[in-house]
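Single-letter residue listing:
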Amino acid sequence: MAETQEKVIQIAGSITVDELAGALGLSVTALIGELFKNGIVATINQRLDYETASIIIDELGMKDVRLERKNTSTQTSNEHRELSEKAVPRPPVVAVMGHVDHGKTTLLDTLLGKKTVESEAGGITQHISAYQLKHNDKLITFLDTPGHEAFAAIRQHGALLTDIVVIVVAADDGVKPQTIEAIKFAQSANAKIIVAINKIDREGADIPRTMADLAQNGLQPEEWGGDVVMVPVSAKKNENLDKLLDMILLTADLEELKADEDIPSEGLVIESHMEVGKGSVVNLLVTGGELKVGEYVVAGSTYGKVRTMLDFRGKPKGKATPSTPVIVTGFKDLPNFGDRFIEVADEKTARKMALLNAQSEADASASANVTSSDLLRMMNVADNSKVFNVIIKGDVLGSVTSVVDSLKLIDTKGEITLNIVATGVGDITENDVYMAAGDNTVIYGFNVTVPVNIAKMAARDGVAIRTFKVIYELLDDAKASMSELLDAEVVEEDMGEMKVMGVFRVEKTALIAGGEMLKGKVSVGMRGRVIRNKKYLGEVEIESVQKEKIDVKELIEKEVGGLSMKTDKKIQLEVGDRIKFFTREVKKRTL
């Protein structure tokens, strides 16, 4: 008999329900039914990722079907358009990354003559800032990216914006989890890496050990035959910073970084927020062309006319060339962090393009990818799972994105469902309180304020508003709140066993008996299970313990004594029965 031929289905990123049903030889209805059984209400155009498709095929028991990933080239925002012959040299864009408190912001402050560390909540950079400085008559653009792991989303975008990544590692602390994370991001973005070994002035600084740590994590120092430049510096004492800048410019020269200036301007949104009297305030990084005041630009589903343009120091700027960060006003709404912006001819074109982008976003949302993590969460979370509802408000979009992403990373043990009701930029409003009222929704504010009238309204309606300036404090609060929703854990511990040698009283809810302790101990307050020939008869609670007719604290192994016990139901205790004693404790669980 001929063997059944294996069917191979190739998936490039994701596959629609309709396409997968056709490939499997099933009706769309049957596949949708299988998805529904696993907790997903899907449409014919819903997209499933590779892992989800694998799980569903496994659930269907199709042993003769094999999935393969189809390789596709993916573009990132780090990849540039094909340059023309007229392309001109541009400044390098440098991201500064590393572990919390290893000195990234201090390094930039020293380089730029600024003083921001003390103003940062908790001494940790809270969102991306872009700066420019001149060294040896050449410009360098810096991105100061957040250091806490909660800002992984922003930092990943930050890496994709850059040509060179300076990874700051403290010489007295070595390689840490976020250092490794930064290395991975830089490598995934194909950015050149330079290491600044900081805090060399500190007691306990060990440069060779730090270099060895870095080598173990894939960064081989030039001094050891590798290709990674490592510069020992002291940001606090301004030591070797000129050498670090020299290395940045040398690396940039070798990369021959160029951009076209005689094209419509384009670039990336690196931050956005609302300001009273100004409307939307957006930080842009120009990657091509020349952005000028008065031009129309489109970013995602919003557009605007550049009304004002400032450099990073807040000084007016008439135009911005490639690799230049600027702060502009004039967008109708807030564009999303990471959106690409482009210059268009007029307002009519801008409005039309923004509407098309909005429609594309809506279509993508309507047929949003179902990922394997979504599927597994839906399969594992019981119908009676508890829900933690939150509304997130932040000072800037990047912060909101990071708070949301970080909340989703909290392991809820499959028992708590995190439901993000709404997000937004700006102070907490009356509408936020209306949305939160009635379903135990917590409003989290990050670097925002609560007007007095809104606080009164929330107190009246029983709505919890919690504001934070340090993100990990917000995450700790959310974790504690979700822990409160977990069912308590009942912990039992075996304590001892008695053989019944005499029964003195049997009532509806009380027993008095005597016996010999075979092992362990028994004391007042313990519980016991009555067993006869391996059959469970009921449970008792020990009210008093006697030895030689005198009340005692406990009976231990080989001792003989009497017990007074209460029960929930009448138990016909007999000589020869065993009572197995245990303690039962209800423990609060945490995430």
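Residues numbered from 1 in each chain as written. Predicted model: local features only at pLDDT ≥ 70, side-chain atom pairs only at ≥ 80, totals over all residues. Heavy atoms only, no water.

### Observations concerning the packing of aromatic side chains
Working step 1: Overall, the coordinates contain 2 aromatic pairs when judged by the stated rule.
Working step 2: A ring pair is formed by tyrosine 131 and phenylalanine 312, whose centres lie 5.7 Å apart and whose planes are at 90°; its orientation type is edge-to-face. Of this pair, tyrosine 131 sits in strand S7 (residues 129–135) while phenylalanine 312 is found in the loop between strand S17 (302–310) and strand S18 (319–320), placing the two residues 181 residues apart along the sequence. Like tyrosine 131, the residue phenylalanine 312 is buried in the burial classification. (Phe/Tyr/Trp six-rings, centres within 6.5 Å; stacked < 30°, edge-to-face > 60°. Helix = DSSP H or I, 4+ residues; strand = E, 2+ residues; numbered from the N terminus. Buried < 20%, exposed > 50% of the residue type's maximum accessible area, 1.4 Å probe, protein only.)

### Some remarks on the pattern of salt bridges
Working step 1: The full count for this structure, using the stated rule, is 27 salt bridges.
Working step 2: The residue arginine 584 makes a salt bridge to glutamate 492 at a minimum N-O spacing of 3.0 Å. Of this pair, arginine 584 sits in strand S33 (residues 578–587) while glutamate 492 sits in strand S26 (residues 489–506), and the two are 92 residues apart along the sequence.
Working step 3: Residue class for glutamate 492 comes out partly exposed when judged on its relative accessible area of 39%.
Working step 4: One connected set of salt bridges, linked through shared partners, spans Glu492, Arg527, Arg529, Glu539, Glu541, Lys566 and Arg584. (Salt bridge = Lys/Arg side-chain N within 4 Å of Asp/Glu carboxyl O.)

### A closer look at the nonpolar core
Working step 1: The biggest cluster of nonpolar side chains holds 27 residues, and the ones touching the most others in it are Leu107, Ile140, Phe142, Leu244 and Ile248.
Working step 2: Going through the elements one at a time, strand S6 (93–98), helix H4 (104–112), S7, strand S8 (138–144), strand S9 (164–170), strand S10 (192–198), strand S11 (229–232) and helix H8 (241–255) are the ones with two or more residues in this core.
Working step 3: Per-element accounting of this core gives the leading share, 6 residues, to H8.
Working step 4: With residues up to four places along the chain from it excluded, the contact list for leucine 244 reads Leu107, Ile194, Ala196, Val231 and Val233. (Core = buried A, V, L, I, M, F, W, Y, C linked by side-chain atoms within 4.5 Å. Contact = heavy atoms within 4.5 Å.)

### Quick word on the side chain of threonine 287
Working step 1: Tracing the chain through its elements places threonine 287 in strand S14 (residues 279–288).
Working step 2: Owing to a relative accessible area of 19%, threonine 287 belongs among the buried residues under this scheme.

### Some thoughts on the confidence of the model for the chain
Regions with low pLDDT carry predicted coordinates that are not meant to be interpreted in detail.
Working step 1: This prediction gives the chain a mean pLDDT of 83; 85% of its residues lie at or above 70.
Working step 2: Ignoring residues within four places in sequence, the model shows residues 71–80, a span with pLDDT below 50, making 13 contacts including any to other chains.
Working step 3: The low-confidence segment residues 115–126 (pLDDT under 50) makes 29 contacts with residues lying over four places distant or belonging to another chain. (pLDDT = per-residue confidence, 0-100.)

### Some words on the environment of glycine 174
Working step 1: Within the secondary structure, glycine 174 is located in the loop between S9 and helix H6 (177–188).
Working step 2: Spatially, the C-alpha atom of glycine 174 lies 8.2 Å from that of leucine 214, the residues being 40 residues apart in sequence.

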